[in-house]
Amino acid sequence: MNAARLRGIIAENGLSQRDVAKAIGMSEKTFYSKMKNGKFGIDEAEAMIRLLKIENPAAIFLTPK
């Protein structure tokens, strides 16, 4: 997962990581941990794709660490 790119997209949408965590039904602590580890579940990734209107999700979620 490309965490830096995901952080950039979150910022481009005028949101914080806290906002995204809340919007996808996750605690901030869990969200930050998953960002650090680069591991989100499919449902979580899909929720972020919709929320952040990510056009090329493979470039973010399917890249090596």
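For the structure, see preceding data.
All figures in this text were calculated on a predicted structure; none of them were measured in a lab. (Residues numbered from 1 in each chain as written. Predicted model: local features only at pLDDT ≥ 70, side-chain atom pairs only at ≥ 80, totals over all residues. Heavy atoms only, no water.)

Draft legend 1. Local environment of the overall build of the protein. Counting secondary structure elements, the protein contains 5 helices and 0 strands. A globule of 65 residues ought to have a C-alpha radius of gyration of about 11 Å, and the protein, at 10 Å, matches this closely. For the protein, the spread of C-alpha atoms along the three principal axes comes to 25 × 20 × 20 Å. In the protein, which comprises 65 residues, the share counted as buried stands at 34%. Sequence separation of 24 or more characterises 51% of the internal contacts of the protein that already satisfy a separation of 6 or more. Accessible surface computed for the protein: about 4,300 Å², of which carbon and sulfur atoms make up 51%. Across the protein, the centroid of the 11 positively charged side chains sits 8 Å from that of the 7 negatively charged ones. (Helix = DSSP H or I, 4+ residues; strand = E, 2+ residues; numbered from the N terminus. Rg over C-alpha atoms; globule rule 2.2 N^0.38 Å. Buried < 20%, exposed > 50% of the residue type's maximum accessible area, 1.4 Å probe, protein only. Contact = heavy atoms within 4.5 Å. Areas by Shrake-Rupley, 256 points an atom, 1.4 Å probe, with all protein chains shown as cover. Lys, Arg positive; Asp, Glu negative; His and termini not counted. Charge placed at Lys NZ, Arg CZ, Asp CG, Glu CD.)

Draft legend 2. Structural detail: the environment of L52. Here L52 lies in helix 4 (residues 42–52). Assessed through its relative accessible area of 3%, L52 is described here as buried. Sequence-wise, L52 and E12 are 40 residues apart; in three dimensions their C-alpha atoms are separated by 8.9 Å.

Draft legend 3. The arrangement of the nonpolar core in detail. L6, F31, F40, M48, L52 and F61 are the most contacted members of the largest nonpolar core, which totals 19 residues. Filtering out sequence-adjacent residues up to four positions away, F40 remains in contact with M1, L6, M26, F31, K34, M35 and M48. (Core = buried A, V, L, I, M, F, W, Y, C linked by side-chain atoms within 4.5 Å.)

Draft legend 4. Seen up close, the pattern of salt bridges. A complete count under the given rule lists 2 salt bridges for this structure. Linking R18 and E28 is a salt bridge whose minimum nitrogen-to-oxygen distance equals 3.0 Å. Highlighted residues: R18 in helix 2 (residues 17–23) and E28 in helix 3 (residues 28–37), separated in sequence by 10 residues. According to the relative accessible area criterion, R18 is partly exposed, its value standing at 49%. The class for E28 is partly exposed, based on a relative accessible area of 34%. (Salt bridge = Lys/Arg side-chain N within 4 Å of Asp/Glu carboxyl O.)

Draft legend 5. Here's a closer look at helix 1 (residues 3–12). Residues of helix 1 that are buried include every one of A3, L6, I9 and I10, and no others. Down the axis, helix 1 shows its buried residues gathered within 120° of arc, on one side only. Opposite the packed face of helix 1, turned more than 90 degrees from it, sit the exposed residues A4, A11 and E12. Structurally, helix 1 contributes buried residues whose contacts are with helix 2, helix 3, helix 4 and helix 5 (58–61). (Arc of directions from axis to C-beta.)

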